[in-house]
Amino acid sequence: MATRLSDPIGFELFKNTLLSIADEMALTILRTAYSGVLKDNMDYSTALCDAQGRTVAQGLTLPAHLSSFPDALAATLRRYGDRMRPGDVFALNDPFEGGMHLPDVFILKPIFHEGRRVAFAATICHQTDMGGRVAGSNASDSTEIFQEGLRIPPVKMYDAGEPNETLFRLLEKNVRLPVRVFGDMRAQLAACHIAEEAFARLIAKHGIAQVSAYMEEILDYTERLTRAALAELPDGEWSFTDWIDDDGIDFGTPIPLTVALKKRGDQMTADWSGTSAQVKGAINNTLSFTRAATYTCLKSILPQEILCNAGFYRAIEVIAPPGTIANAVPPAACAARGLTGFRMVHTVFGALAQMLPDRVIAASEGGNTGVSIGGYHADRTPFIFVEFICSAWGGRPWADGLDGNANLFANMSLPSAEVTETEQPLEILCCELIPDVGGPGRYRGGMSIRRAYRLTEDEAVLQVRADRHTFRPYGLYGGGPGKPSRNRLITGGRERELTAKVTMTPMRRGDVFIHDQPGPGGWGDPLERDPLRVLRDVANELVSLDSARDDYGVVIDAAALAVDEAATARQRAELRAARGWTTPPVVSR
């Protein structure tokens, strides 16, 4: 038998085979799921883990789920240990025992060879509903986890191949759409089954000793690559603070997120000790989600060939004291914790921008907005619409931010209007880019999305998880901040403004909800932007004539659609004199 290092070609083939299995699991869920939040939004992840629960290969899905599987499997192993046997399948969603928030349900299947556990097939899917006080189980104004839905510690879903009828009956009676939830869980089970079969073929081909050796080497190889890449970065300490507008309970009370990055040799530490204490509202993080935000940012500045597995995590320490919003303790509510995770990405990038100014983008749109609209049809059967709107990237040191693109913390797509209108009592009135929303810069922020929904059923309840009404996405190195978010409800022909976090808001037939995502920040001095690029943005209706003149100092002849070079030179000189700085500020809020 070849040793792990004596056959590098065999090792590379094995590594890519394992990655392909994790991706095949992801495709299985995509093709067989029932709910739009999975088959359209793609809010799920898959992985192959070793017998100890360490992630070896993760499917190309959600960065927000980085590091989630080790915590889920550690909790399961603590409870069951060596009592696992072939045919067992485990499920959990408890944020305080391996989970993240209640809608995210883990289904984990141990894989055995000759009676010995050798690996795990692991999946996590955002379920449409897990019960609780609001449809979708994702309200921002819950104040304790007991309000949020059915809380499942690590339990056997299948015991030696036999279904746990008690668990299935509890699920059926506690969720609003059991057919959809069970359909999505079957998609997870199918993905685990496919992984088990594929892993068995690997063992048949290579033998269990070689497979185990290769899996260990994948982790060690990833750690070596990570440490080598970190060693090339400058040593030092950098810190940054960003703010969440509020928690949806204490309106107008900002919540600080502070990270201190310390780099020494081939080791990085991210210390969240300066971050706010856990809050009343449901935006509290589990430690695994704080780790995921940290890992995502560091992964983005390191070479792309480094894998997302437990070897990567070894070189990065994440500190978050219990009882903070970064590592909440019971009975904290955490259903809407996605907001905090996205904002932690901005916080880490703010620190990394000081360390590596030529690699880090300005703040993106603030993270995806969660929208849920739930109610009952005339026959009293429930409907639940759940959607996560991703929008645009901040300006980059080498290029404009991406327009209408998924946030890099959540590789999610936006459900089509046609599918939404077919499956839900809703009409999508618009899905469009918002002009002038991106922060100006030498490289401007991307243009975010406006989306409008009209209810076609008699009544429903609206829930929205958004932010960046007050604290706008920051610009970097002279780039301006993006525009704030906006929520509006048109009812009875009258339009009214809503807060960023909307809960238990009634909608009637014909009412229209409109959400504007905040704009990403810009990068670099906007007065250094090529006037022809500004002209192109004006021609494409991404930047207005007023913004071209006032933000970029570019005067455009609207009739000829051409740059007035002399007027532009005068305008830029006036703007430079008026702003009062010669060295661009690192951060512009």
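To be clear, the structure that these remarks concern was listed above.
Residues numbered from 1 in each chain as written. Predicted model: local features only at pLDDT ≥ 70, side-chain atom pairs only at ≥ 80, totals over all residues. Heavy atoms only, no water.

### What to know about unusual backbone geometry
A cis geometry characterises the amide bond from Pro330 onward to Pro331, with omega recorded as 5°. Tracing the sequence through the fold places Pro331 in the loop between β11 (316–319) and α9 (338–355). In this model, Glu114 sits at a positive phi of 50°, which is unusual for a non-glycine residue. One can find Glu114 in the loop between β4 (104–113) and β5 (116–126). Look at Glu114 and you get exposed, because its relative accessible area is 76%. The residue Asp436 is not glycine, and still its phi comes out positive at about 65°. Mapped onto the elements, Asp436 comes out in the loop between β14 (426–433) and β15 (449–455). (Helix = DSSP H or I, 4+ residues; strand = E, 2+ residues; numbered from the N terminus. Buried < 20%, exposed > 50% of the residue type's maximum accessible area, 1.4 Å probe, protein only.)

### Digging into the environment of Asp104
Along the chain, Asp104 falls in strand β4. Look at Asp104 and you get buried, because its relative accessible area is 1%. For the pair Asp104 and Phe90, spaced 14 residues apart in sequence, the C-alpha to C-alpha distance is 14 Å.

### Focus: helix α1 (residues 8–32)
Because the α-helix completes a turn every 3.6 residues, residues three or four places apart line up on one side. Given a rise of 1.5 Å per residue, 25 residues ought to cover 36 Å, and the 36 Å separating the end C-alpha atoms of α1 matches this to within 8%. Inspection of α1 places Gly10, Phe11, Phe14, Lys15, Leu18, Leu19, Ile21, Ala22, Met25, Ala26, Thr28 and Ile29 among the buried residues, and these make up the whole buried set. Check the buried side of α1 and you find it contacts β1 (44–50), β2 (55–58), β5, α5 (178–206) and α6 (208–231). (Expected span 1.5 Å × (residues − 1). Contact = heavy atoms within 4.5 Å.)

### A short note on the sheet that holds β15
The strand order across the open sheet formed by five strands is β14-β15-β21-β18-β19, and the pairing between neighbours is antiparallel. A strand with exactly one partner marks an edge of an open sheet, and here the two such strands are β14 and β19 (494–498). Strand-to-strand twist across the sheet, computed as the mean angle between neighbouring axes with direction ignored, equals 15°. (Pairing = 2+ DSSP bridges. Axes fitted to C-alpha atoms, helices over the stretch in contact; angles between N-to-C directions.)

### A few points about the pattern of salt bridges
One pass over the structure, following the stated rule, counts 51 salt bridges. Notably, a salt bridge pairs Arg54 with Asp50, separated by 2.7 Å at the nearest N-O pair. Between Arg589 and Asp242 there is a salt bridge, with the nearest N and O atoms lying 3.6 Å from each other. Residue Arg589 is found in the segment after β24 (587–588), and its partner Asp242 is found in strand β8 (residues 236–244); the two are separated by 347 residues along the sequence. (Salt bridge = Lys/Arg side-chain N within 4 Å of Asp/Glu carboxyl O.)

### Let's talk about helix α3 (residues 68–80)
Over its 13 residues, α3 runs 19 Å from end to end, which matches the ideal 18 Å to within 8%, given 1.5 Å per residue. Inspection of α3 places Ser68, Phe69, Ala72, Leu73, Ala75, Thr76, Leu77 and Tyr80 among the buried residues, and these make up the whole buried set. Within two residues after α3, Gly81 carries a phi angle of roughly 50°, on the positive side.

### As for the sheet that holds strand β10 (residues 267–271)
An order of β8-β9-β10-β11 is seen for the four strands of this open sheet, with the pairing classed as mixed. If you trace the sheet from one side to the other, it starts and ends with β8 and β11, each paired once. Direction aside, the axes of adjacent strands within the sheet are offset by 15° on average. As paired strands, β10 and β11 are joined by four bridges and run parallel to one another. Residue pairing across strands places Thr269 opposite Glu317, the latter belonging to β11. Seen against the sheet, α9 touches β8, β9 (255–264) and β10 and runs at an angle of roughly 145° to β8.

### Details of the packing of aromatic side chains
Following the criterion strictly, the structure yields 17 aromatic pairs and no others. Ring plane angle 85° and centroid distance 5.9 Å describe the contact between Phe69 and Phe106, whose orientation is recorded as edge-to-face. With Phe69 in helix α3 and Phe106 in strand β4, the pair connects residues that are 37 residues apart, well separated along the chain. Under the relative-accessibility criterion, Phe69 is labelled buried at 0%. Here the aromatic cluster, defined as three or more aromatic residues joined through ring pairs, consists of Phe11, Phe14, Tyr214 and Tyr221. One Lys or Arg, Arg337, reaches over the ring of Phe289 and ends 3.8 Å from the middle of that ring. The aromatic ring of Trp581 is capped on one face by Arg579, whose charged end is 3.7 Å from the ring centroid. (Phe/Tyr/Trp six-rings, centres within 6.5 Å; stacked < 30°, edge-to-face > 60°. Lys NZ or Arg CZ within 6 Å of the ring centre and 35° of its normal.)

Worth remembering: the numbers are spatial, not functional.
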